[in-house]
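# Breakdown of the fold
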Amino acid sequence: MLETKNGMYLPTDDFASKSHADQATYQAMYDSSVEDPEGFWGEHGRRIDWIKPYTKVKNTSFAPGNIDIRWYEDGTLNVAANCIDRHLETRGDQTAIIWEPDSPEDDALHITYKELHANVCKFANVLKDMGVKKGDRVVLYMPMIPEAAYAMLASARIGAIHSIVFAGFSADALGARVAGSNAKVVITSDGAPRGGRVTNLKDNVNQALNNVADDVKCLVVRRTGQQVAWRHDLDVWLHEAAQNVSDDCPPEEMNAEDPLFILYTSGSTGQPKGVVHTTGGYIVYASMTHQYTFDYHDGDVFWCTADVGWVTGHSYIVYGPLANGATTLMFEGVPTYPDAGRFWAVCEKHKVNQFYTAPTAIRALMGKGPEFVEKYDLSDLKVLGTVGEPINPEAWNWYHNVVGKGNVPIVDTWWQTETGGHLMTPLPGATPTKPGSCTLPFFGVQPVILEPTTGEEIHTTAAEGVLCIKDSWPAQMRTVWEDHERFEKTYFADYKNYYFTGDGARRDEDGYYWITGRVDDVINVSGHRMGTAEVESSLVAHPKVAESAVVGYPHAIKGQGIYAYVTLMNGVEPSEELRKELETWVRKDIGPIAKPDLIQWAPGLPKTRSGKIMRRILRKIAEDDFGALGDTSTLAEPEVVEDLIANRMNRH
Ligand code: 6R9
């Protein structure tokens, strides 16, 4: 049992002594990382193999009008070589990837580093044969199969920039991202089995490409063997093309600041933006956080349950673990198939040592009862992690007591697509934890809390406000794809000289951080970021919809649910059929994760006299907390609020 003191769970002496960092080591390393970032990152950059070693470490500016972020800018390297080739001599026969398929009836795969090398090289040569060159964009729309990792690493190997679109996104969303990055090739599979059902990925790709361009090629992995509509001039089967290519492909020499990948993410305004991560700083930081946050040691089996379509899958299924020569587990399925014990069955089967998942999954499984966990031997677990949203203490305690049997440290990792890796997290051998707090910053990270309206930094230990970061860290995003102005506007304009996270936070009297949620119009549904503006623009694109406002509301499993207020066109009658139609519309337009949970027919929306929708009021009504609506005196038509309250959809 972990001992507690003042409500904090303490690392055991035994764990601390074997860990990469105990409390004293963390403190010493943290202090040196902020006092001398050049020296610190100069030293730790050498955890990566460079082709041409860097002489410059940090060259970063958050100054208004000159947002410029460079790390290791004169060094050259290849990320795939760091994730594969450099391990061949020492661990060529060690398993690099354990693949657990959707159905427990099917065999798992164990792919060694040698096999990974051959598979990635072949994949890279196939991409080259399809005309992909250094700097070209490649879009991945893939199930969780080893080929998704091969495709990422093959792109990195030849210097192509990958952009992964989560396979749960619709054909339309996929099309927009292919067009947005002007991609040459889309990589997909025939179908994607998940939870016993199959999504027809190739069909979605055909539909997406039909609307976008007529010269984008498609590389198809055979996963299910189902029939697919084939475009004879543009489609290539991987298994056929791979027969004719060599299993060796020399890695391209990349500059540290060459882009490694683009990943689209939702913001408070407009359509999702392409977050750009580069090569050197990203891989240094992904590998270092993977090692320290999870206290990963040689021989451990590491499992991150995310999808490679999200940043967590990029940094902690593929890049961080493989750069460290780890054994990383990739799971194709879902936590509740064939039953709610699947996660724990997989942990037992593959003797998982570090397990990393999202609070939404924990809450869903918690509701099914402890018996699904108790059936399995989880004694190999050494560290449990969470990511994606604040974890409520109830879920934290269940994770701690039922999964960890009271003696496995939990790391609550706070970070973002934009940050590339963990920014705040406990280290399991160093940091006493408090349920619900992401505790303290990682090396080199300087969080600050600002007063929201004045933008002044609050210097007292206990503080609450908006969360910003004072200085750069190596895996920080560098720009928005082809829109540096949007980068500056989104992250550096509201609070000058700081990186603005979009999150609110509280710092307690021990200096521990508690994320209070987004302060912008982004909602977090099952750990997935969704811009309310995106759902609104989808709804208003429907011919029967005049206007719409979307807000989040507390949801027991998902964290937040999507609540849509919809004003219909004159003469259109609300009906259950129309409600279904709108749900399907958004699902098709963006993807299943954007489907509104609740739709309220709103004859009018509360607006200021200047026509601004008062979202604060809409949030309160959606939360069923309309007793405290605050100041409504600036409303143009106060009576619309009465109607919205009377017909609210979420009643406790
Ligand atoms: C990695 C990832 C980022 C947003 C972030 C915050 C929320 C993530 C969290 C957390 C509280 C944690 N978030 N981890 N909130 N505690 N441990 O999730 O990236 O999809 O870009 O989302 O998620 O609001 O700003 P991304």
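So, how was this worked out
- Residues numbered from 1 in each chain as written.
- Predicted model: local features only at pLDDT ≥ 70, side-chain atom pairs only at ≥ 80, totals over all residues.
- Heavy atoms only, no water.
- UniProt positions renumbered as here; feature names shortened; annotations may be inferred.
- Phe/Tyr/Trp six-rings, centres within 6.5 Å; stacked < 30°, edge-to-face > 60°.
- Buried < 20%, exposed > 50% of the residue type's maximum accessible area, 1.4 Å probe, protein only.
- Lys NZ or Arg CZ within 6 Å of the ring centre and 35° of its normal.
- Pairing = 2+ DSSP bridges.
- Helix = DSSP H or I, 4+ residues; strand = E, 2+ residues; numbered from the N terminus.
- Axes fitted to C-alpha atoms, helices over the stretch in contact; angles between N-to-C directions.
- Contact = heavy atoms within 4.5 Å.
- Polar contact = N/O pair within 3.5 Å; in protein donor to acceptor, adjacent residues only side chain to side chain.
- Near = heavy atom within 4 Å.
- Areas by Shrake-Rupley, 256 points an atom, 1.4 Å probe, with all protein chains shown as cover.
- Nonpolar A, V, L, I, M, F, W, Y, C, P; charged D, E, K, R; others polar.
- Domains from an automatic or database assignment.
- Buried area = accessible area lost by both parts, 1.4 Å probe.
- Salt bridge = Lys/Arg side-chain N within 4 Å of Asp/Glu carboxyl O.
- Expected span 1.5 Å × (residues − 1).

The name that an unreviewed UniProt entry assigns to the protein chain is Acetyl-coenzyme A synthetase, with the source organism given as Boseongicola aestuarii. Reading the Catalytic activity (unreviewed entry) entry of the UniProt record for the protein chain gives the comment "acetate + ATP + CoA = acetyl-CoA + AMP + diphosphate".

Now for the packing of aromatic side chains. All told, the structure shown has 42 aromatic pairs when counted by the stated rule. Ring plane angle 80 degrees and centroid distance 4.8 Å describe the contact between Trp 50 and Tyr 54, whose orientation is recorded as edge-to-face. The burial state of Trp 50 is the same as that of Tyr 54; both residues are buried. Taken together through their ring pairs, the aromatic side chains of Tyr 26, Tyr 30, Phe 40, Trp 41, Trp 50, Tyr 54, Trp 71, Tyr 72, Tyr 285, Tyr 292, Phe 442 and Phe 443 make up a single cluster. We note Lys 434 situated over the ring of Tyr 512; from NZ or CZ to the ring centre the distance is 4.8 Å.

Turning next to the sheet that holds strand 7 (residues 109-112). As summarised here, the arrangement of the seven strands in space is 7-6-19-18-20-21-22, forming an open sheet in which the pairing is mixed. The two strands at the open ends of the sheet, each matched to only one other strand, are strand 7 and strand 22 (410-413). If you compare each strand with its neighbour and ignore which way they point, the axes differ by 20 degrees on average. Sheet topology places strand 6 (residues 95-100) next to strand 7; four bridges connect them, and they run antiparallel. Looking at the pairing, Trp 99 lines up with Leu 109 of strand 7.

UniProt feature "binding site: Mg(2+)" (unreviewed entry): in the numbering of this structure it lies at Val 540, His 542 and Val 545. Mapped onto the secondary structure, Val 540 falls in helix 18 (residues 532-540). A relative accessible area of 36% means that Val 540 is categorised as partly exposed. Tracing the chain through its elements places His 542 in the loop between helix 18 and strand 30 (545-555). Non-local contacts of His 542, meaning those with residues more than four positions away in its chain, are made with Leu 578, Glu 581, Leu 582 and Trp 585.

Along the chain, the position of Ser 287 falls in helix 11 (residues 280-293). Judged by its relative accessible area of 0%, Ser 287 falls in the buried class. A polar atom in the side chain of Ser 287 sits 3.3 Å from the backbone oxygen of Val 284. Not counting chain neighbours up to four residues away, the residues in contact with Ser 287 comprise Arg 47, Ile 48, Gly 320, Ala 323 and Asn 324.

On to the site of the ligand. Neighbouring the ligand are 17 residues, the closest being Asp 412, Thr 413, Thr 417, Asp 503 and Arg 529. One of the side-chain N or O atoms of Arg 518 is found 2.9 Å from an oxygen atom in the ligand. In this structure, Asn 524 approaches the ligand through a side-chain N or O atom, which is 3.5 Å from an oxygen atom. When the ligand sits alone it has 530 Å² of accessible area, and the protein chains cover 96% of it. Looking at the shell around the ligand, the elements with two or more residues in it are helix 12 (311-323), strand 22 and strand 27 (513-518). Considered class by class, the residues forming the shell around the ligand number six nonpolar, six polar and five charged.

Moving on, we come to the domain arrangement of the protein chain. Domain assignment breaks the protein chain into domain 1 (3-82 + 279-517), domain 2 (92-255) and domain 3 (526-647). With centres defined by C-alpha atoms, the gap from domain 1 to domain 2 works out at 27 Å. On the side of domain 2, 42 residues touch domain 1, which itself brings 41 residues to the contact. For the domain 1 and domain 2 pair, buried surface summed over both sides reaches about 3600 Å², with 59% attributable to carbon and sulfur atoms. Three residues stand out in domain 1 for area buried against domain 2, namely Met 330, Glu 332 and Trp 481, and they jointly supply 22% of the buried area on that side. Linking domain 1 with domain 2 are three salt bridges. Counting across the domain 1 and domain 2 interface gives 23 residue pairs in polar contact (both at pLDDT 80 or more). Mapped onto the side of domain 1 that touches domain 2, the elements with two or more residues apiece are strand 5 (76-77), helix 4 (79-83), helix 12, strand 19 (327-331) and helix 13 (342-350).

Spatially, 14-13-10-8-9-16-17-25 is the arrangement adopted by the eight strands of the open sheet, whose pairing is mixed. Edge positions in the sheet fall to strand 14 (235-237) and strand 25 (479-480), since each of these pairs with one other strand and no more. Relative to strand 13 (residues 217-221), strand 10 (residues 185-189) is paired through five bridges, and the arrangement is parallel. Its bridge partner being in strand 13, Val 185 is matched across the sheet by Lys 217. Against the sheet, helix 7 (residues 146-158) contacts strand 8 (137-141), strand 9 (161-164), strand 10, strand 13 and strand 16 (259-265), and its axis sits at roughly 170 degrees relative to strand 8.

Attention now goes to helix 11. Look at helix 11: 20 Å from first C-alpha to last across 14 residues, which is about the 20 Å you get at 1.5 Å a residue. The buried fraction of helix 11 amounts to 14 of the 14 residues, a majority that puts the element mostly inside the structure. Looking at the residues trailing helix 11, positive phi occurs at Asp 295, about 45 degrees.

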